[in-house]
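Commentary on secondary and tertiary structure
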Amino acid sequence: MSEDVFMAGFGGQGILLIGNLLGQAAVIADLNASFFPAYGPEKRGGAAMCSVIVSDREIASPVVGQPSTGLLLNQQALDKYYPQLRSGGLCIYNSSLGNARSCQRDDVRLLAVPANEIATEIGNVKLANMVMLGALLACKPMVAMDKVKEALEIIIPERNKRFVPANREALDRGYALGSKRVPL
Amino acid sequence: MSNRLFVKGNEAVCMGAIAAGCRHYFGYPITPQNEIPEFMSRELPGAGGVFLQAESEVAAINMVLGASAAGARVMTSSSGPGISLKAEGISFMAGSELPAVIVNMMRGGPGLGGIDASQADYFQAVKGCGHGGYRLIVLAPYSVQELYDLAMTAFDLADRYLLPVMILGDAMIGQMKESLIPRSYDPPTDLPEKSWAVTGKQGRAQGNTVKSLYLADGALEAHNWKLHGRYQQIQQQQVRCETLGLEDAELLITAFGSAARIAKTAVEMARQSGLKVGMIRPITLFPFPEKIYRQATERCRRILCVELNNGQMVEDVRLSVDRQAEVRFYGRPGGTGSMPTPEELFKQLQKHYKD
Amino acid sequence: MAESVTTVFERPRSLKPVVSHFCAGCHHGTIHRLVADALDQLGLQDQTIGIASVGCSVLLYEYFDIDVVEAPHGRAPAVATGVKRVHPHSTVFTYQGDGDLAAIGTAEIIHAANRGEQITVIFVNNTTYGMTGGQMAPTTLPQQVTTTTPFGRQIETDGNPIRMAELLALLDGTSYSARVSVDGPKRVAQAARAVQKAFEIQKNRGGFAFVEVLAACPTNWGLSVIEANERVSQEMMSYFPLGTYKDLTVSATGA
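Bear in mind that the values here come from a model prediction, so they are computed numbers and not experimental data.

**Notes on the overall build of chain A**
Summing up its helical and strand segments, chain A has 6 helices and 6 strands in all. In sequence order, chain A lays out its α and β elements as β-α-β-β-β-α-β-β-α-α-α-α. For 184 residues, the compact-globule estimate of 2.2 N^0.38 gives 16 Å, and the C-alpha radius of gyration of chain A, at 15 Å, lies within 12% of that figure. By principal-axis analysis of the C-alpha atoms, chain A measures approximately 40 × 40 × 40 Å.

**Some remarks on the pairing of strand β4 (residues 120-125) of chain C**
Residues and elements named next belong to chain C. With respect to burial, β4 is a largely interior element, 6 of its 6 residues being buried. The pairing of strand β3 (residues 91-97) with β4 spans 5 bridges and is parallel. Note on β4: the bridge partner recorded for Thr 94 is Val 121. Looking at chain direction, β4 and strand β8 (residues 208-214) are connected through 6 bridges and run parallel. Looking across to β8, one finds that Val 121 is bridged to Phe 210.

**A word on the interface of chain C and chain B**
At the interface, 31 residues of chain C touch 34 residues of chain B. For the pair chain C and chain B, the summed buried surface comes to about 2500 Å²; carbon and sulfur atoms form 59% of the total. Of all residues in chain C, C:Asp46, C:Asp67 and C:Glu70 bury the most surface against chain B, accounting for 23% of the area lost on that side. Between chain C and chain B we count 4 salt bridges in total.

**Focus: the sheet that holds β4(C)**
A sheet is described by the order of its strands in space; here 8 strands give the open sequence β9(B)-β2(C)-β1(C)-β3(C)-β4(C)-β8(C)-β7(C)-β9(C), paired in mixed fashion. Every interior strand has two partners, whereas the edge strands, β9 (209-210) of chain B together with β9 (243-247) of chain C, have only one. Judged from the 4 bridges that link them, strand β7 (residues 174-181) of chain C and β9(C) form a sheet pairing that is antiparallel. From the neighbouring strand, C:Arg179 faces β9(C), where its bridge partner is C:Gly243. Helix-sheet contacts for helix α10 (residues 225-239) of chain C involve β4, β7 and β8 of chain C, and the interaxial angle to β8(C) is about 125°.

**Side note on empty space enclosed by the protein**
Residues and elements named next belong to chain B. Scanning all chains against the criterion turns up 2 cavities of 30 Å³ or more. The space that makes up the second largest cavity amounts to roughly 30 Å³. Around the second largest cavity, the lining residues are Ala 72, Arg 73, Val 74, Pro 99, Ala 100, Phe 155, Ala 158, Asp 159 and Lys 194. Considering every element that reaches the lining of the second largest cavity, the biggest residue donor is helix α6 (residues 144-161), with 3 residues. Broken down by class, the residue content of the lining of the second largest cavity amounts to 6 nonpolar, no polar and 3 charged.

**Here's the deal with the packing of helix α3 (residues 57-69) of chain B against helix α3 (residues 76-86) of chain C**
Each pair of packed helices can be summarised by the angle the axes make with each other and by the distance between the axes. One way to put it is that α3(B) packs onto α3(C) with a least axis distance of 6 Å and a crossing angle of 45°. Taken together, the axes of α3(B) and α3(C) are oblique relative to one another. Both α3(B) and α3(C) take part in a crossing whose hand is right-handed. Residues B:Ala59, B:Asn62, B:Met63, B:Leu65, B:Gly66 and B:Ala67 of α3(B) pack against C:Ala78, C:Val79, C:Thr81, C:Gly82, C:Val83 and C:Val86 of α3(C). The class makeup of the residues in the contact of α3(B) with α3(C) is 8 nonpolar, 4 polar and no charged.

**Concerning the domain arrangement of chain B**
Residue and element names in this part refer to chain B. Along its sequence, chain B is organised into domain 1 (5-180) and domain 2 (241-354). One C-alpha centre belongs to domain 1, the other to domain 2, and the line joining them spans 26 Å. Listed by partner, the interface residues are 28 residues for domain 1 and 27 residues for domain 2. A buried area of about 2300 Å², summed over both sides, lies between domain 1 and domain 2, and 56% of it is on carbon and sulfur atoms. Taken as a group, Gln 119, Tyr 122 and Tyr 142 account for 35% of the area that domain 1 buries against domain 2, more than any other trio of residues on that side. Put simply, domain 1 and domain 2 have 3 salt bridges between them. Among the ionic pairs, Glu 178 bridges to Arg 261, the shortest N-O distance being 2.6 Å. For the pair domain 1 and domain 2, the interface holds 17 residue pairs in polar contact (both at pLDDT 80 or more). Residue composition of the side of domain 1 that touches domain 2, grouped by class: 18 nonpolar, 3 polar and 7 charged.

Thresholds, definitions, all that
Throughout, residues of each chain are indexed from 1 in the direction in which the sequence is written. Just so you know, chain letters begin at A and ligand numbers begin at 1, following the order they were written in. Owing to the predicted nature of the model, reporting of local features is limited to residues with pLDDT of at least 70; listing and counting of side-chain atom pairs is limited to 80 or more, with chain, interface and lining totals taken over all residues. Side-chain measures here rest on the full set of heavy atoms in the structure, leaving out hydrogens and waters. Numbering of helices and strands runs from the N terminus; a helix is a DSSP stretch of H or I covering at least four residues, while a strand is a stretch of E covering at least two. When we talk radius of gyration, it's over C-alpha atoms, and the globule rule is simply 2.2 Å times the number of residues to the 0.38. Think of it in three bands: residues with accessible area under 20% of the maximum for their type are buried, residues over 50% are exposed, and the middle band is partly exposed, with areas taken using a 1.4 Å probe on protein chains only. DSSP-based pairing: two strands are paired if at least 2 bridges between them are found. Two residues form a contact once any of their heavy atoms are found within 4.5 Å. Note on definitions: buried area is the accessible-area loss of two parts on being combined, 1.4 Å probe, summed for both. Salt bridges are counted wherever a side-chain nitrogen of Lys or Arg sits within 4 Å of a carboxyl oxygen of Asp or Glu. Under this scheme, a helix contributes an axis fitted over its contacting stretch, all axes are lines through C-alpha atoms, and angles between N-to-C directions fall in the 0 to 180 degree range. Here a cavity is any set of points on a 1 Å grid over the protein atoms alone where a 1.4 Å probe fits but cannot get out, and a pocket is any open set with protein on both sides within 12 Å along at least 5 of 7 lines; a residue lines the site when it has an atom within 4 Å of a point. Grid points are joined across faces, edges and corners, and a volume is the space filled by probe spheres set on the points. Residues are grouped as follows: Ala, Val, Leu, Ile, Met, Phe, Trp, Tyr, Cys and Pro are nonpolar; Asp, Glu, Lys and Arg are charged; every other residue, Gly included, is polar. If an angle is under 35 degrees, it is roughly parallel; if it is over 145, roughly antiparallel; if it lies from 65 to 115, roughly perpendicular; otherwise it is oblique. In this scheme the crossing of two helices becomes right-handed for a clockwise turn of the near helix relative to the far one and left-handed for an anticlockwise turn of less than a right angle. In this document the domain limits rely on a domain assignment from an automatic tool or a database. As used in this structure description, the phrase polar contact means that two N or O atoms lie within 3.5 Å; if the pair is within protein, one of them must be able to donate a hydrogen and the other to accept it, and residues adjacent in sequence are counted only when both atoms belong to side chains.

The following block contains the structure:
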């Protein structure tokens, strides 16, 4: 098993947090993981992106030219990275902040997740990233959900520990949506 | 449950250093290595150590010089521009035969350059960044695990050969997180005693002097021959290198550090498509694995050197193969958006395999 | 007969029985002796680490019978910091000239003082670069001719002489800052007290202690030994007044 995901959105959407979380969960599950964040002057407010690879083998390049899965949280990310996805790949996008009108490839499966709306229902729009990650895990079962929840305890900083239950709920909501609508 | 951790490269190098008994760190902030001083400031006091943020890179390396002269296992870290500032102190430490570990998480240059990954400081690290003609042992980890493991190795090598050891990483392996299995440190039993360290005479008949000035007739030459002999010993004893598929390779790719990570995937892609491609990855840049290149070229006559710069290590590859093989180069100097992909390197392999 | 002989003067134990390379009339020898006397009197020789700087004072290890680290130009306070942080119970001092401390090493001395490093700094101010042949120093006086101010130091273009004892006294980390000279017996005695105090402060973990010593350099000044010695009081003291600029040990005891 070897899965790679490219995650992108605005700085502040928690892109690096879910990338980190997925990698941490994989390591808890005794898998290899790499998390390679884009680290640039555009860090705050600008674009945020990272590549995550989860594998039961040694991971060579942490850089992926054509990702098999894109987790794209806004229109900019969708416009820029959808065309780079590998043929046969999967694109999960945040339909609250982007539309797929320009996504016309028939070799890439598409899943729309109204992540901001779902997150707002839970009580905090900032949980949109967790909704997206939940949907990803439903489509690509690379790590078990309980490991991801376990990893939350490590990744969420001490001062935000009270938000862990809401994060779990957001993961579940995303997962449920992804399970129902696994794209063909 | 394994003891597998998920750790950032910049933190792994600190964990390895602390495990190896490093209790003193002096440094100055610069991107992309800030997690190193931040980690040390958090962890060293609790471990009975000292973290000090110096007023400059110049001061930091001289604090390292002092702590090393006092007998401690000591580390500093920086990125290109800061290493330039440390060059003075590094030369003095080399001349004074002082061990220390210096981490360079390379960023693009010249000048202020950029903060993304680059391997543009190969010459600076390998050819002696300061004045006077000295050598550092240069280790080039390509993973978070290797950053951890080689930090331990670096302290042992520094204490064995009495010189600063540089760990040459870059923004990619410094900033990325990976699985890490923290091994326990197994100290070599044959490291020389630091009887030269300054402690106060403490009843010794003679005071200890740590210095690099040699003014008497022939004294500096003798000192340099001594250092030279040590460098030769290092070349004989400490070459570290990973090789892949040398048995049947028709084309070799060679790269170090981050570039080697990307190249490794390109080699897998090439093998899957039936191309007999092998790989040489130097882990020590000094000593350079000259013999391994020479031996490999007895059957494979073409080497593609890949670097995140416009061609630095390739010069040492050419010297090593001594015209017995054709050495080609593909490089991308660092900068935002300039990281080569495995797909890109695979195309290069296809191209150079054919003609 | 032997028991009636009393030794009234001898070589300090902290100095080696060797002949120095210093020029005739140079004050380094006297200042070395004051430092060695202080180490002897406070019983510190066996626990002391000296930091040699670049300049005429670089050969500290040839003269002092103690452990010594040679620092790059100007970096002695940083080297001292590294040593002291490894051996906090040792006695660490730097011995630096004016080019070393007040030009190329300005950042290191200011920040070592500002951190309140538990070290003693002996600063020899002779208004010139002795070792390299008499170039302008940061302490060179206005109109003073040196090999790089052949027409005399011009304040407009070469800047002003820098007063380190006063400057460092302003820093919260400095516990003691004084300027002394060694151009006559009385002043040598005063200087000895200041140097000793600077080591006592370190012994009591009292913070950063700094002593600036005005010194003669007959060779590079182009003066006879006598003339050079006279210049210290006649020309230097008006610009570099002697005195104690800060002494926290006094205010701490309310004396």
